[in-house]
Amino acid sequence: MNKSNAWTAETVAIGSELLLGGRLDTNSLFIAGCLAASGIELRYKTTVGDDLSDMVTVLKAAARRVRVVIITGGLGPTVDDLTREAVAQATGHRLVRRKAALDEMTARLAQWGRTPTTSQFRQARIPSGADILSNPVGTAPGFALVWNGTFVAALPGVPREMEPMLREGVLPRLHAWMPTQKVRPATPMIRRVLHTSGVPESVVDQKLAGLVPQHSSVQLGIYASPMEVMVSLTGPADAPGTVALERLCEEANAKLGDIVYGQEADTMESVVGRLLTDQRMTLAVAESCTGGLIGHRLTQVPGSSSYVDRIVVCYSNRAKIELVGVPEDLIDRHGAVSAEVAAAMARGIRERSGVSVGLSVTGIAGPGGATETKPVGLVYVGLDGGPGKAMTKEFRFHGADRSVIKQRASQAALDLLRRWLIQHRLA
């Protein structure tokens, strides 16, 4: 498509590690959502290694076919960070050390008790005529310029740096420039997201069969990951489109029922945190096979100190006995990976900490440790909220490696807690 008759965009992810399997490009997903909300269609995603001539070729090709190019990566201080040089060569804008970029970088380093190294001075060299994009998190400034009718922005590849720079630096400049062009943006797109847990992708697909009518302007997406299945509904942001989108989102929520644990930016741990906070309840966790992952996720949520009392990693049998009071003979009779031990762990951590509810997990993450009756992926979750308020549940996570089993076990444990807290609230 010719760039003169539509608002189209291309992302260019720079870095040889993206081509060698060392790292994934996730930035383009965030960028795509921001551009769609601005009426700009992301048509191409390009990845190029740290070769200057290849980078120049890619940038020139992108500028010929789209009106917006967003570059990520290659703005660091090392010799293979060549984005500045590539943009300068492609556009004919020479590199100039910019005082504003140098001052900001120096101030940021001073906050960390450091001074710029010789190599870091390279980061202050910006193509002439480009706007400097402030980096609120790191040291590498970005920049934006218009070249041959194409808006070009260069941002760091680190997502926590790139995302605020796109929102606060790139988009305002892009929105100010767009009305000066004789091209009408497409209708901005909006997206609604539902997060589900505890069922496979096929079940979600079956439950949502027939949700979106044929020829609808709303698009349905179902995406599976190790810990959840995400449902997205995307449609035009005009009045009819918004009404249709919100109606379909409500219908999807109703069809999926209690397997939906959250919407938009919700995580399982943030939802659990809200439920605990709303009910003024406190939590303690005894982890075996997850090795502290549940505790890590819970304490990633700001304010979690108000409801998380303690996390105990009791990996060995001796730790289960000494730290949470699991009877030794119970382990001898049933094994450490059993419903009985999971129940004892949850009860023990609750009683010893004096919290509202205790949560536990024990299982076989593999690849070793399995028996004929207890395969890799067998996990038991225990929950104890006091007398008459205890439960355990068995899970079997098939065909997954050690890391994925730990992730799924942590999600299953938190989901069991979520469901219990909802029932407790309704009781």
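Enquirer: Just to check I follow, could you spell out the overall build of the protein chain for this structure?
Expert: Secondary structure assignment for the protein chain yields 13 helices and 17 strands. Structurally, the protein chain occupies a C-alpha span of about 75 × 55 × 40 Å along its principal axes. When the 427 residues of the protein chain are sorted by exposure, 50% land in the buried category. A separation of at least 24 residues holds for 68% of the contacts in the protein chain among residues at least 6 apart in sequence. Total accessible area on the protein chain stands at roughly 19,900 Å², and carbon and sulfur atoms take up 52% of it. Of the side chains in the protein chain, 47 bear a positive and 41 a negative charge, and the two mean positions are spaced by 5 Å.

Enquirer: Help me out: how do you make sense of helix α5 (residues 159-177) in this one?
Expert: For α5, the principal kink sits at L166 and spans about 45°. Inspection of α5 places E161, M162, P164, M165, L166, G169, V170, L171, L174 and W177 among the buried residues, and these make up the whole buried set. On the buried face of α5, the contacting elements are α1 (27-36), β3 (68-72), β6 (131-133), β7 (142-147) and β8 (150-155).

Enquirer: Would you mind going over the nonpolar core with me for this structure?
Expert: Side chains that are nonpolar tend, in soluble globular proteins, to be buried together. Counting residues in hydrophobic clusters, the biggest one holds 33 residues, and the most contacted among them are V379 and L417. Taken together, the elements giving at least two residues each to this core come down to α8 (268-278), β13 (283-287), α9 (293-299), β15 (357-363), β16 (378-384) and α13 (402-426). Counting residues per element, this core draws most heavily on α13, which supplies 9 residues. Among residues more than four places away in sequence, those in contact with L417 are V272, L283, V357, L359 and L383. Core analysis: the next-biggest nonpolar cluster, separate from the first, contains 31 residues, V58, I71, L75 and A86 among them.

Enquirer: What am I meant to see in helix α10 (residues 317-324) here?
Expert: Within α10, burial applies to A319, K320 and V324. For α10, the angular spread of buried residues about the axis comes to 100°, placing them on one side. Where α10 is buried, its residues meet β13, β14 (308-313), α11 (328-334), α12 (339-353) and β15. Looking at the residues trailing α10, positive phi occurs at G325, about 75°.

Enquirer: I'm lost on the side chain of D384 in this one. Help?
Expert: Note on placement: D384 falls in strand β16. In terms of polar contacts, D384 uses its side chain to reach the side chain of R350, at 2.6 Å. A distance of 2.9 Å separates a polar side-chain atom of D384 from the backbone nitrogen of G386. With near-sequence residues (within four places) excluded, D384 lies in contact with A346, R347, R350, S356, V357, G358, K389 and A390.

Enquirer: Can you help me understand the environment of Y380 in this one?
Expert: Along the polypeptide, Y380 turns up in strand β16. In this structure, the C-alpha to C-alpha distance between Y380 and A412, residues 32 residues apart in sequence, is 9.5 Å. When neighbours within four sequence positions are excluded, Y380 is seen to be in contact with V337, S338, A339, A342, S360, V361, T362, K393 and E394.

Enquirer: Would you mind showing me how to read the sheet that holds strand β9 (residues 189-196) here?
Expert: Pairing in this open sheet of 4 strands is antiparallel, and the strands run β10-β11-β9-β12 from one edge to the other. Looking at the sheet topology across the chains shown, the edges are occupied by β10 (219-224) and β12 (260-263). Pairwise comparison of adjacent strand axes, ignoring direction, gives a mean angle of 25° for this sheet. In this sheet, strand β11 (residues 229-236) lies alongside β10 in antiparallel orientation, the contact comprising 6 bridges.

Enquirer: Would you mind showing me how to read unusual backbone geometry here?
Expert: Among all residues except glycine, the phi angle is most often negative; among peptide bonds, the trans geometry is most common. In the segment running from G366 into P367, the intervening peptide bond is cis, with an omega of 0°. At H215, a residue that is not glycine, the phi angle is positive and equals roughly 65°. Assignment of secondary structure puts H215 in the loop between α6 (201-207) and β10. The exposed category is assigned to H215, whose relative accessible area is 81%. For R280, which is not glycine, the phi torsion reads 55° and is therefore positive. Along the polypeptide, R280 turns up in the loop between α8 and β13.

Enquirer: When you look at the state of the cysteines in this model, what are you seeing that I'm missing?
Expert: Simply put, disulfide is the name for a covalent bond between the sulfur atoms of two cysteines. By the definition in use, this model includes 0 disulfides. Free cysteine: C249, not disulfide-bonded; nearest cysteine sulfur from C34 at 19 Å.

Enquirer: Looking at this structure, how should I read the sheet that holds β8?
Expert: In a beta sheet, neighbouring strands pair by backbone hydrogen bonds and run either parallel or antiparallel. Strand order in the open sheet formed by 6 strands is β2-β1-β3-β8-β7-β6, and the pairing between neighbours is mixed. Strands at the two margins of the open sheet, each flanked by one partner only, are β2 (41-48) and β6. When strand polarity is set aside, the average angle formed by the axes of neighbouring strands in this sheet is 20°. Strands in contact with α5 are β3, β6, β7 and β8; relative to β8, the strand with the most contacts, it is inclined by about 165°.

Enquirer: What am I meant to see in the side chain of R350 here?
Expert: For R350, the position within the fold is in helix α12. Ignoring sequence-local partners within four residues, the contact set of R350 consists of V355, S356, V357, G358, D384, G385, G386 and P387.

Enquirer: Just to check I follow, could you spell out the packing of aromatic side chains for this structure?
Expert: In this description, an aromatic ring pair is defined by two values, namely the gap between the centres and the angle between the planes. All told, the structure shown has 3 aromatic pairs when counted by the stated rule. On the basis of an interplanar angle of 35° and a centroid distance of 5.9 Å, the ring pair of F151 and W177 is categorised as tilted. Here F151, found in strand β8, pairs with W177, found in helix α5; they are 26 residues apart in sequence, far enough to count as distant. Classification of W177 as buried rests on a relative accessible area of 13%. Here the aromatic rings of F395 and F397 are separated by 5.8 Å at their centres, their planes lie at 10°, and the arrangement is stacked. F397 carries the same exposure label as F395, and that label is buried.

Conventions we followed
- Residues numbered from 1 in each chain as written.
- Predicted model: local features only at pLDDT ≥ 70, side-chain atom pairs only at ≥ 80, totals over all residues.
- Heavy atoms only, no water.
- Helix = DSSP H or I, 4+ residues; strand = E, 2+ residues; numbered from the N terminus.
- Buried < 20%, exposed > 50% of the residue type's maximum accessible area, 1.4 Å probe, protein only.
- Contact = heavy atoms within 4.5 Å.
- Areas by Shrake-Rupley, 256 points an atom, 1.4 Å probe, with all protein chains shown as cover.
- Lys, Arg positive; Asp, Glu negative; His and termini not counted.
- Charge placed at Lys NZ, Arg CZ, Asp CG, Glu CD.
- Bend = angle between axes of the 7 residues up to and from the residue.
- Core = buried A, V, L, I, M, F, W, Y, C linked by side-chain atoms within 4.5 Å.
- Arc of directions from axis to C-beta.
- Polar contact = N/O pair within 3.5 Å; in protein donor to acceptor, adjacent residues only side chain to side chain.
- Pairing = 2+ DSSP bridges.
- Axes fitted to C-alpha atoms, helices over the stretch in contact; angles between N-to-C directions.
- Disulfide = S-S within 2.5 Å.
- Phe/Tyr/Trp six-rings, centres within 6.5 Å; stacked < 30°, edge-to-face > 60°.

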